[in-house]
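The lines below spell out each chain.
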Amino acid sequence: MSDMRLVVVGAGGRMGRALIRAIDEAPGITLSAAVERSGSPFLGEDAGILAGLSASGIKLTDDALAAFAAADGVVDFTAPQATRAFAELAAQARIVHVIGTTGLEPEDIARLDAAANHAVIVRSGNMSLGVNLLGALTRKVAATLGSDFDIEIVEMHHRHKVDAPSGTALLLGDAAAAGREVPLAENAVRVRDGHTGPRPEGAIGFATLRGGSVVGDHTVIFAGAGERVELAHKAEDRAIFARGAVRAALWGRGKKPGHYSMADVLGIADL
Ligand SMILES: NC(=O)C1=CN([C@@H]2O[C@H](COP(=O)(O)OP(=O)(O)OC[C@H]3O[C@@H](n4cnc5c(N)ncnc54)[C@H](OP(=O)(O)O)[C@@H]3O)[C@@H](O)[C@H]2O)C=CC1
Ligand SMILES: O=C(O)C1=N[C@H](C(=O)O)C[C@H](O)C1
């Protein structure tokens, strides 16, 4: 089979550059275009040079339509508004859409579900092997310990991050809720301030820290009477997310349309 032709959108961003490097390293896949928004200062720059590699001959463009028409897939770590638009274009072009963008609202997810009638979408709040394994472990521990143990999820990210709680924290919250067989939306406590009163029974709490250059730290705390269990993951390099996204794109090629997760890609959905 010929190499998979992959577009990176948000190519000038932190993840965009990591994705260009991951595609350069991976067999069976080629960077076919690098897209940024209209007016971006990066338009016209060489994608390879921007990512710290040698020149690739691919210049950053704002013409996503043309880029998608000549590709087999797109990797998208941008912003919710951009991902909404890219999902429509990817579905029209019938190409694989790998989505790492976080901060998506339930309405956005519903639109992606609709787009997945025509396109292969692989979406996860975290594309790393370690976090997806942590998700499976969280589900199991939550099911085993039951509601005598309070669940709190603590995350820390770099000072530039714009959404909270992180996509990963919500993924882990979903896993904990699934372990308890309850909906996360009805049990999540996403912020606390002032006289909050005692902890609601069954709450799944979130705490958000922001600062410096932290790539992404997550801890799930199960706090019982007289003991605590903690499960943690620390990301040290954005390459782990980028490699996961490339793996997801290759996995999605030739799959039937649907809205898949990274756990599907890694074969750990039933763990
Ligand atoms: N699922 C996962 O494993 C991971 C997910 N993420 C998520 O990925 C997203 C991006 O993170 P990060 O790379 O750090 O953020 P950055 O802000 O560094 O990069 C985002 C890039 O997308 C660009 N962009 C925004 N809108 C458009 C558009 N309409 N068309 C083309 N490009 C656009 C931005 O341009 P401009 O600056 O001009 O707005 C920017 O270059 C976040 O939601 C983050 O949470 C991050 C790491 C891992
Ligand atoms: O914005 C980031 O940087 C990250 N975002 C993702 C998230 O919201 O969980 C994944 C990773 O933690 C880095």
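Residues numbered from 1 in each chain as written. Chains lettered and ligands numbered in written order. Predicted model: local features only at pLDDT ≥ 70, side-chain atom pairs only at ≥ 80, totals over all residues. Heavy atoms only, no water.

As for the packing of aromatic side chains
Under the convention used in this document: Stacked, tilted and edge-to-face are the three classes applied to pairs of Phe, Tyr and Trp rings, where Trp contributes its six-membered ring and a pair requires centres within 6.5 Å; stacked means planes under 30 degrees apart, edge-to-face means over 60, and tilted covers the rest. Only runs of H or I of at least four residues qualify as helices and only runs of E of at least two qualify as strands under DSSP, and these elements are numbered from the N terminus. Categorising residues by exposure relies on relative accessible area from a 1.4 Å probe, with only protein chains included: less than 20% of the type maximum marks a residue as buried, more than 50% marks it as exposed, and the intermediate range marks it as partly exposed. Ring-over charges, as used throughout, are those where CZ of Arg or NZ of Lys falls within 6 Å of the ring centre and within 35 degrees of the ring normal.
Per the stated rule, a full pass over the model turns up two aromatic pairs. With 5.9 Å between their ring centres and 45° between their planes, phenylalanine 68 and phenylalanine 86 make a pair best called tilted. You can see phenylalanine 68 sitting in helix H3 (residues 64–69) and its partner phenylalanine 86 sitting in helix H4 (residues 80–93), a full 18 residues away along the chain. Per residue, the accessibility class of phenylalanine 68 equals that of phenylalanine 86, and both read buried. The lysine or arginine in question, arginine 17, covers the ring of phenylalanine 42, its NZ or CZ lying 5.0 Å from the ring centre. Residue placement shows lysine 255 over the ring face of tryptophan 251; its charged tip is 4.5 Å from the ring centre.

Here's the deal with the site of ligand 1
In plain terms, the rule: Residues are labelled near a given molecule or strand when at least one of their non-hydrogen atoms is within 4 Å of it. Polar contact criterion, stated in full: a pair of N or O atoms within 3.5 Å, where within protein one must be able to donate a hydrogen and the other to accept it, and residues adjacent in sequence count only if both atoms are side-chain atoms. The Shrake-Rupley method, run with a 1.4 Å probe sphere, supplies the accessible areas, and residue values consider only the shown protein chains as cover. Side-chain classes follow a simple rule in which Ala, Val, Leu, Ile, Met, Phe, Trp, Tyr, Cys and Pro form the nonpolar group, Asp, Glu, Lys and Arg form the charged group, and the remainder, Gly included, forms the polar group.
Neighbouring ligand 1 are 21 residues, the closest being Met15, Glu36, Arg37, Thr102 and Met127. Between glutamate 36 and ligand 1, the recorded distance is 2.5 Å, taken from a side-chain N or O atom to an oxygen atom. Relative to its unbound accessible area of 920 Å², ligand 1 is 78% covered by the protein chains. Elements represented by at least two residues in the shell around ligand 1 include exactly helix H1 (14–25) and H4. The residue inventory of the shell around ligand 1, partitioned by class, reads six nonpolar, ten polar and five charged.

Things to note about helix H5 (residues 106–115)
Applied cut-off: In this context, the arc is that of the directions from the helix axis out to the C-beta atoms. Residue contacts follow a heavy-atom distance rule, with two residues in contact if any of their heavy atoms lie within 4.5 Å.
Among all positions of H5, only Asp108, Leu112 and Ala115 are buried. Seen from one end, H5 has its buried residues packed into an arc of 55°, which puts them on one side. Along H5, the residues that are exposed and aim more than 90 degrees away from the buried face are Pro106 and Glu107. Buried-residue contacts for H5 involve H4, strand E4 (96–99), strand E5 (120–123) and strand E11 (258–260).

A closer look at the UniProt feature "binding site: NADP(+)" (unreviewed entry) in the protein
Note the threshold: UniProt positions are given in the numbering used here, feature names are shortened, and annotations may be inferred rather than shown by experiment.
UniProt's feature table lists "binding site: NADP(+)" (unreviewed entry) at Arg37, given in the numbering used throughout. Residue placement: arginine 37 occurs in the loop between strand E2 (29–35) and helix H2 (47–50). Setting aside residues no more than four positions away along its own chain, arginine 37 makes contact with Leu43 and Asp62.

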